[in-house]
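Summary of structural features
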Amino acid sequence: MAVSNSAFPEPVPDSPASGATLTREQRLAVDRLLRSVGPAVAELGERFAAAGHELAVVGGPVRDALLGREVHDIDLTTDAVPQRVLELVDGWADAVWTIGIEFGTVGLRKGGQQIEITTYRSETYRVKSRKPEVRYGDSLYGDLVRRDFTVNAMAVRLPGGEFVDPFGGLADLEQRVLRTPGKPEDSFNDDPLRIMRGVRFAAQLGFSLADEVCTAASAMAERLRIVSAERIRDELVKLMLSPNPRVGVALMTELGVADHVLPEIPKLKLTVDEHHRHKDVYEHSLTVLDQAIDLERARGMEPDLVLRLAALLHDIGKPKTRAFEPGGKVTFHHHEVVGASMSKNRLSALRFPKDVVNDVSKLVLLHLRFHGYGKGEWTDSAVRRYARDAGPLLSRLHILTRADCTTRNRRKAAALARAYDDIERRIERLAQEEELAKIRPDLDGNEIQEVLGIGPGPMVGRAWRYLLELRLENGPMSKEAATEALRRWAAEQE
């Protein structure tokens, strides 16, 4: 919700202590940020100032405003300790929650706006600890120096609008480079997850990492082992949903970060064949990821985590299945089966939700199925099975299969595209005729029991599966034909 200019006093000129002089456009961007934060934040600035406390918008919102990006969440920081924050908002806020208070954060709602206020703080990990130690600070400078990168170490004081940039974040923003406020070794030692954040920002914002940041990240990548799987997963998700995840994945691999996050990816480089008898699997996987994203966008889809993870991981079974045959031919038999299992194990270890784990694993398992289609000699029953096995993942499987074609042979690529166009048309035709997604046997469990004169038990399940295969093979059957087929099958079981 926008507020009038009178919600905040006229911004003061940037002071020498701020560390940067804003251009007219940048000053306008900061002013827009102040107007966009909402009346509740404006009131909070006045309320904290009247009580002798500081309050500032800090980090990502300031960075995004200066980049011209849309600002979603407002992060506020203060010198007031959490208990004092609770006192200051008591009777003013409509609701207050303290779920993050052990980390110095108080949440509140005023009107329709949700706000989080965090006390100046520093976080430090002990050598083998998975939980950071949180210490409160007493200055904005001290809070900013502990931030991950200089572009996130800028602030705007409330209510006056003073821009604060003691570490040159504005200059780094203009150069699109990530540096740390202090020594990168100290920053990464305090919180190793910042290594992953740097990689993610490279993919998300199109920034590069300063040389000293790359050196420290590479040397300290092993420190990621002390960070919880959930925190690493969250950064990986943001990376994969960024505009250019390839950049982040490649950087992870180059710096040795992937060895501790997705070790299966750098291992794809081990399958590079110096005799060029098969494609570079690592580069192929990154290209498939790029092409899947291109198709995703062309089809009007939102960034799809399951699809993108499947594209990246679809060939991770190749290193374990590589074999050399007479004549120098290289094979990867059943790499999709091995890869599906490996995908499930890795994503489970990273604490991904079960539905994501299962869906990615299934797409990896199915990604080669189309290559048995040949020149279109599949029967309708084979097409039905293809669609039924994919189930709700069918649209993603279409994209993954098309993206998996990275050949430079234009004739071969065109032939594969035509073949897949054909199978999609056949699936659409059969779907219209038979409602493929709802295919069931022509007799249900109760009818099977009635025909065979049996009660519930394993026999009913076997009969159901037999009738399903019959349905997939022949298409819809009448009740009479299905009953006759079931009786013949039952007789053969005796």
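Counting restarts for each chain: residues are numbered from 1 in the order of the written sequence. Only residues with pLDDT of at least 70 are given local features in this predicted model, and only at 80 or more are side-chain atom pairs given and counted; all residues enter the totals for whole chains, interfaces and linings. Water and hydrogen atoms were dropped before computing side-chain values, which therefore reflect all heavy atoms in the structure.

1. Examining the overall build of the chain
- When helices and strands are counted, the chain shows 24 helices and 13 strands.
- Each residue gets one of three labels from its accessible area relative to the maximum for its type: buried under 20%, exposed over 50%, partly exposed in between, using a 1.4 Å probe on protein chains only. For the chain, the proportion of its 494 residues judged to be buried stands at 50%.
- Shrake-Rupley sampling with a 1.4 Å probe provides the accessible areas, and residues are treated as covered by the protein chains on show and by no other component. When the accessible area of the chain is evaluated, it comes to approximately 24000 Å², of which 49% is carbon and sulfur surface. Secondary structure follows DSSP: runs of H or I at least 4 residues long count as helices, runs of E at least 2 residues long count as strands, and numbering of each begins at the N terminus.

2. Regarding the pairing of strand E8 (residues 155-158)
- Inspection of the sheet shows strand E1 (residues 55-58) paired to E8 by four bridges, in the antiparallel sense. Bridging from a neighbouring strand, Ala 56 pairs with Arg 157 of E8.
- At least two bridges found by DSSP between two strands is the condition for calling them paired. Judged from the two bridges that link them, E8 and strand E9 (residues 163-164) form a sheet pairing that is antiparallel. Looking at E9, one finds that Ala 155 is bridged to Val 164.
- Taking the residues that link successive antiparallel strands as the turn, the E8-E9 hairpin has four residues, and the phi of Gly 161 there is positive, at about 85 degrees.

3. Here's the deal with unusual backbone geometry
- Cis geometry marks the peptide bond from Leu 158 to Pro 159; its omega dihedral reads 5 degrees.
- Positionally, Pro 159 belongs in the loop between E8 and E9.
- Of note in the backbone geometry, Arg 351 takes a positive phi value of approximately 65 degrees without being a glycine.
- In this fold, Arg 351 is placed in the loop between helix H17 (335-349) and helix H18 (354-366).

4. Concerning the pattern of salt bridges
- Here a salt bridge means any side-chain nitrogen of Lys or Arg lying within 4 Å of a carboxyl oxygen belonging to Asp or Glu. Evaluated as defined, the whole model comprises 33 salt bridges.
- The salt bridge partner of Arg 197 is Asp 148, with a shortest N-O separation of 2.6 Å. Separated by 49 residues along the polypeptide, Arg 197 in helix H8 (residues 193-205) and Asp 148 in the loop between helix H5 (140-145) and E8 bring together distant segments of the chain.
- Arg 246 is the salt-bridge partner of Asp 290, the closest N and O atoms lying 2.9 Å from each other. Remark: Arg 246 occurs in helix H11 (residues 245-255) and Asp 290 occurs in helix H14 (residues 281-298); sequence separation between them is 44 residues.
- Counted as one network, the salt bridges with shared partners bring together Asp 148, Arg 197, Arg 200 and Glu 235.

5. Focus on the nonpolar core
- Residues belong to a common nonpolar core when they are buried Ala, Val, Leu, Ile, Met, Phe, Trp, Tyr or Cys residues joined through side-chain atoms within 4.5 Å. Grouped together as the largest cluster of nonpolar side chains are 118 residues, with contacts concentrated most on Leu 76 and Phe 352.
- Beyond its immediate sequence surroundings of up to four residues, Phe 352 is in contact with Arg 233, Leu 236, Val 237, Leu 305, Leu 309, Leu 347 and Val 357.
- Counting residues in hydrophobic clusters, the runner-up holds 13 residues, among them Leu 452, Ala 463, Leu 467 and Leu 470. Two residues qualify as a contact provided that any one of their heavy atoms is within 4.5 Å of a heavy atom in the partner residue.

6. With respect to the sheet that holds strand E2 (residues 75-78)
- Judged by pairing direction, the sheet is mixed, and its seven strands sit side by side in the order E3-E4-E5-E2-E1-E8-E9 without closing on themselves. A strand with exactly one partner marks an edge of an open sheet, and here the two such strands are strand E3 (95-97) and E9.
- Packing against the sheet, helix H1 (residues 24-36) makes contact with E1, E8 and E9, and its axis sits at approximately 50 degrees to E8.
- Axis geometry follows a simple rule: fit a line to the C-alpha atoms, using only the stretch in contact for helices, then measure angles between N-to-C directions, giving values from 0 to 180 degrees. Across the sheet, helix H3 (residues 60-67) is in contact with E1, E2, E8 and E9; its angle to E1 comes to roughly 55 degrees.

7. Regarding the confidence of the model for the chain
- Residue-level confidence of the predictor is what pLDDT reports, using numbers from 0 through 100. In this model, the chain carries an average pLDDT of 86, and 89% of its residues clear a pLDDT of 70 or more.
- Here strand E6 (residues 121-124) is the element of the chain with the lowest mean pLDDT, 66, and helix H15 (residues 305-313) is the one with the highest, 98.
- Across residues 273-278 the pLDDT falls below 50, and counting only partners more than four positions away or on other chains, this stretch makes ten contacts in the model.

8. Considerations on H1
- One less than the number of residues in a helix, times 1.5 Å, gives the span that helix is expected to have. Along its 13 residues, H1 runs 18 Å from first to last C-alpha, staying within 8% of the 18 Å computed at 1.5 Å per residue.
- Listed as buried for H1 are Gln 26, Arg 27, Ala 29, Val 30, Asp 31, Leu 33 and Leu 34.
- At the C-terminal side of H1, Gly 38 shows a positive phi close to 100 degrees.

9. Looking at the side chain of Arg 147
- Assignment of secondary structure puts Arg 147 in the loop between H5 and E8.
- Every residue in contact with Arg 147, bar those within four places of it in the chain, is listed here: Val 58, Thr 77, Asn 152, Ala 153, Pro 181, Ser 187 and Arg 194.

10. Concerning the pairing of E2
- Taken together, the three bridges between E1 and E2 define a ladder with antiparallel strand orientation. Of the residues in E2, the one forming a bridge with Ala 56 is Thr 77.
- Sheet analysis places E2 next to strand E5 (residues 113-119), joined by four bridges and oriented parallel. Within the sheet, the bridge partner assigned to Thr 77 lies in E5 and is Thr 118.

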